[in-house]
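A structural walkthrough
Residues per chain are reported as follows:
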Amino acid sequence: MNVQVTEERSERGQYTIRIDGELDLATVSSLEAAVIRAVESRSAPMLIDLSACTFIDSSVIAALLRALARVDGHHDGSRPSLVVAAQAQPLQVLRLTAIDERIPIFPTTLEAEQALSSDGHASSDGYG
């Protein structure tokens, strides 16, 4: 399985990790390594963009919860510290597992970016 991970920091300080491909037990370490790099460089808030990701498994759920714990430990809490953008199968899995009760999940990257730059009053389902 092939996965591509890209990382970038915006001018506003937002850190984005983009995943392209399938993310599972064999490839999830690439996401975790990117999160660790971001946290070590004090890069919060963070967007994990799964909009180009075609598949996730339960190892990704665990990785996202570990990412939340890492980011929350280095963030002031004035707005969301971590949001996820996802579509198709990844979005279904994230909602079925109720991870969206802990991490705001949005159906588009734009909505996720807006949530990070807002006052934190966006809804976790990306609608409102």
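Right above here is the structure, for reference.
Described below are features of the structure shown in this document. (Residues numbered from 1 in each chain as written. Predicted model: local features only at pLDDT ≥ 70, side-chain atom pairs only at ≥ 80, totals over all residues. Heavy atoms only, no water.)

**A short note on the side chain of Q14**
This is how it is decided: Only runs of H or I of at least four residues qualify as helices and only runs of E of at least two qualify as strands under DSSP, and these elements are numbered from the N terminus. Residue exposure (1.4 Å probe, protein chains only): buried if accessible area is under 20% of the type maximum, exposed if over 50%, otherwise partly exposed. Distance and chemistry together define a polar contact, namely a pair of N or O atoms within 3.5 Å, with one atom able to donate a hydrogen and the other to accept it when in protein, and with adjacent residues in sequence counting only for side-chain atoms on both sides. Here, residues are in contact when the closest pair of their heavy atoms is within 4.5 Å.
Along the chain, Q14 turns up in the loop between β1 (3-9) and β2 (15-23). Take Q14: its relative accessible area is 4%, and that puts it in the buried class. In terms of polar contacts, Q14 uses its side chain to reach the side chain of T16, at 3.2 Å. Not counting chain neighbours up to four residues away, the residues in contact with Q14 comprise E8, R9, P45, L47, E113 and L116.

**Here we look at unusual backbone geometry**
Not every positive phi belongs to a glycine, and A88 is a case in point at roughly 55°. On the secondary structure map, A88 appears in helix α3 (residues 88-96). With a phi close to 60°, A98 is a non-glycine residue in the positive phi region. Mapped onto the elements, A98 comes out in the loop between α3 and β5 (105-106). Under the relative-accessibility criterion, A98 is labelled partly exposed at 28%.

Nothing here speaks to function; it is all geometry.
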